[in-house]
Amino acid sequence: LEEPRPPISQRLQSAGYHTIASLDDGYSEFLSEKSGVHKGFSVFRHVDSLPKEKRNDVGNTELALAALRSRPPDKPFMLWIHYFGPHDPSTKHNEVQSFGSSVTDLYDHEILFADHALSPLLEELDAIGKQRPLAVFVTSDHGEYLTSTRRVHGSGLHELTTHIPLIAKIPGVSPGNSDALVSLIDIPATILRLCGVRGAAGMDGVDLRAESEQFLPAGDGLERGLLGDLAPALHHQGFLARGRVVD
C-alpha cells in the first residue's frame, strides 16, 4: 500500500499497545502480507495458515481467540478481525439453519453463520471488558444488492450497498440508536482519541462521541464525503453526500 501516513496499528503499537490482526480475505488477497497491511501488528494471523476445511469464519474466530489469550497481560491491546464469510460466493454451513435456495435465503444463511462464529469472540471480549475498559466496534465495508439471480456490490452507490451497520460498545457511552451520517473513516479517529493517542487531529474522520458522551445526533449539520466501493470501470469523480451523488 503506497500510503505515507502510518495506519492506526502502527500508531497504537508505538504508544505501547499489543496489536493483533486475524484476517480472512477469501479469494481476494487484498489483506495478504504482500499488500503491506501487516505493518504495525505485533501478531498477524491469516486463515490461509489453517487447513482448508477451517478457512472460514469459525476458524478465524479461533485464531483471534488464541492470539487474545496469549497476549501480554500487562499491555493494552487492539484486535482487528476481518471476516469474509458473508461475502460472495455463498457456502453451505451445517452448523446453522438453512432457509432455502433463493439468493436472499443463501445470504441469510451466510449471515447467520457469521453470527455463530462471532458469538464466542464477543463473549471473550465481554469477559475482558469486565476487567478493564474496552471498546468494541462491529461494522462492514459494504452491503449487498440482491437480485433474483445474484447479489452484487461495487456496481453503483445503491442504498443497500452504502448504508451499512455500525454497532459500537464504548465505555461511558449510553446505549441508544443514531441516524447521524457517519463513515468508516470515523472509527480510527474515535479509537485514537479513546486511547489518548496523538494523530487523530490530522485525520479526515471525526470522533463519533458527542460532548454528552452520546453518538452524534441526527441533523448534526455535517456535510460529509463518503467513500464508496466501486469496480474500476465504474470509478468517477463524484462522491455521496446525504444520499446524492455530487460531482
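Trainee: Residues and numbers for the overall build of the protein chain, please.
Mentor: A count of helical and extended segments in the protein chain gives 5 helices and 9 strands. Secondary structure of the protein chain in N-to-C order comes out as α-β-β-α-β-α-β-β-β-α-β-α-β-β. Across the 247 residues in the protein chain, those meeting the buried criterion constitute 37%. The contacts in the protein chain between residues at least 6 apart in sequence include a share of 57% that link residues at least 24 apart. Summed over all atoms, the accessible surface of the protein chain reaches about 14800 Å², with 53% contributed by carbon and sulfur.

Trainee: Can you lay out the environment of Pro188 for me, pointing to particular residues and giving the numbers?
Mentor: By secondary structure assignment, the location of Pro188 is in helix 5 (residues 186–194). Placed 12 residues apart in sequence, Pro188 and Ala200 show a C-alpha to C-alpha distance of 7.8 Å. Residues within four places of Pro188 in sequence aside, it is in contact with Ile8 and Met203.

Trainee: Go over the confidence of the model for the protein chain with me, naming the residues and quoting the values.
Mentor: As a note on interpretation, predicted positions should not be read in detail where pLDDT is low. On average, residues of the protein chain score 84 in pLDDT, and 84% of them reach the 70 mark or higher. Taken as a whole, residues 235–247 scores under 50 in pLDDT and shows 31 contacts with residues more than four places along the chain or in a different chain.

Trainee: Help me get a handle on the pattern of salt bridges, residues and values and all.
Mentor: Taken as a whole, this structure holds 6 salt bridges when the rule is applied. The partner of Lys54 in a salt bridge is Glu62, with the nearest N and O atoms 2.9 Å apart. In this structure Lys54 comes out as partly exposed when scored by relative accessible area, which is 29%. For Glu62, a relative accessible area of 39% puts it in the partly exposed group. A salt bridge links Lys169 to Asp126; the nearest nitrogen and oxygen atoms lie 3.4 Å apart. A residue pair is termed long-range when its members are at least 10 positions apart, and Lys169 in strand 7 (residues 166–169) and Asp126 in helix 3 (residues 103–129) qualify at 43 residues. Residue class for Asp126 comes out partly exposed when judged on its relative accessible area of 34%. Residues joined by salt bridges that share partners form a network here, namely Asp126, Lys130 and Lys169.

Trainee: Quick rundown of the sheet that holds strand 1 (residues 18–23)? Include the residues and the values.
Mentor: Taken in spatial order, the 3 strands of this open sheet run 2-1-3, and their pairing is parallel. Lying at the two open borders of the sheet, with one neighbouring strand each, are strand 2 (43–46) and strand 3 (77–82). Recorded for the sheet is a direction-independent mean angle of 10° between the axes of neighbouring strands. Where strand 1 meets strand 3, 6 bridges bridge the pair, whose relative direction is parallel. The residue of strand 3 that forms the bridge with Leu23 is His82. Of the strands in this sheet, strand 1, strand 2 and strand 3 touch helix 2 (residues 57–69), which is tilted by about 170° from strand 3.

Trainee: Any details on the packing of aromatic side chains? Residues and values, ideally.
Mentor: What the rule picks out here adds up to 3 aromatic pairs. Taking the centre distance of 5.6 Å and the plane angle of 90° together, the rings of Tyr27 and Phe84 count as edge-to-face. In this pair, Tyr27 sits in the loop between strand 1 and strand 2 while Phe84 sits in the loop between strand 3 and helix 3, placing the two residues 57 residues apart along the sequence. On the basis of relative accessible area, Tyr27 is assigned to the exposed category, the value being 55%. According to the relative accessible area criterion, Phe84 is buried, its value standing at 13%. On the basis of an interplanar angle of 50° and a centroid distance of 6.4 Å, the ring pair of Phe41 and Phe44 is categorised as tilted. Each member of the pair Phe41 and Phe44 is classed as buried.

Trainee: Break down helix 2 for me, with residues and values.
Mentor: A rise of 1.5 Å per residue sets the reference length of helix 2, with its 13 residues, at 18 Å; its end C-alpha atoms lie 18 Å apart and thus fit the reference within 8%. In terms of burial, helix 2 is largely enclosed, as 10 of its 13 residues are buried. All of the buried residues in helix 2 are Asp57, Val58, Gly59, Asn60, Thr61, Leu63, Ala64, Leu65, Ala67 and Leu68. Of the surrounding secondary structure, the elements contacted by the buried residues of helix 2 are strand 1, strand 2, strand 3 and helix 3.

Trainee: Go over the pairing of strand 1 with me, naming the residues and quoting the values.
Mentor: Burial runs high along strand 1: 6 of the 6 residues are buried. Residues of strand 1 alternate between two faces, with His18, Ile20 and Ser22 on one and Thr19, Ala21 and Leu23 on the opposite face, all of them buried. Summarising the sheet, strand 1 and strand 2 pair through 4 bridges and their orientation is parallel. Its bridge partner being in strand 2, Leu23 is matched across the sheet by His46.

Analysis parameters
- Residues numbered from 1 in each chain as written.
- Predicted model: local features only at pLDDT ≥ 70, side-chain atom pairs only at ≥ 80, totals over all residues.
- Heavy atoms only, no water.
- Helix = DSSP H or I, 4+ residues; strand = E, 2+ residues; numbered from the N terminus.
- Buried < 20%, exposed > 50% of the residue type's maximum accessible area, 1.4 Å probe, protein only.
- Contact = heavy atoms within 4.5 Å.
- Areas by Shrake-Rupley, 256 points an atom, 1.4 Å probe, with all protein chains shown as cover.
- pLDDT = per-residue confidence, 0-100.
- Salt bridge = Lys/Arg side-chain N within 4 Å of Asp/Glu carboxyl O.
- Pairing = 2+ DSSP bridges.
- Axes fitted to C-alpha atoms, helices over the stretch in contact; angles between N-to-C directions.
- Phe/Tyr/Trp six-rings, centres within 6.5 Å; stacked < 30°, edge-to-face > 60°.
- Expected span 1.5 Å × (residues − 1).

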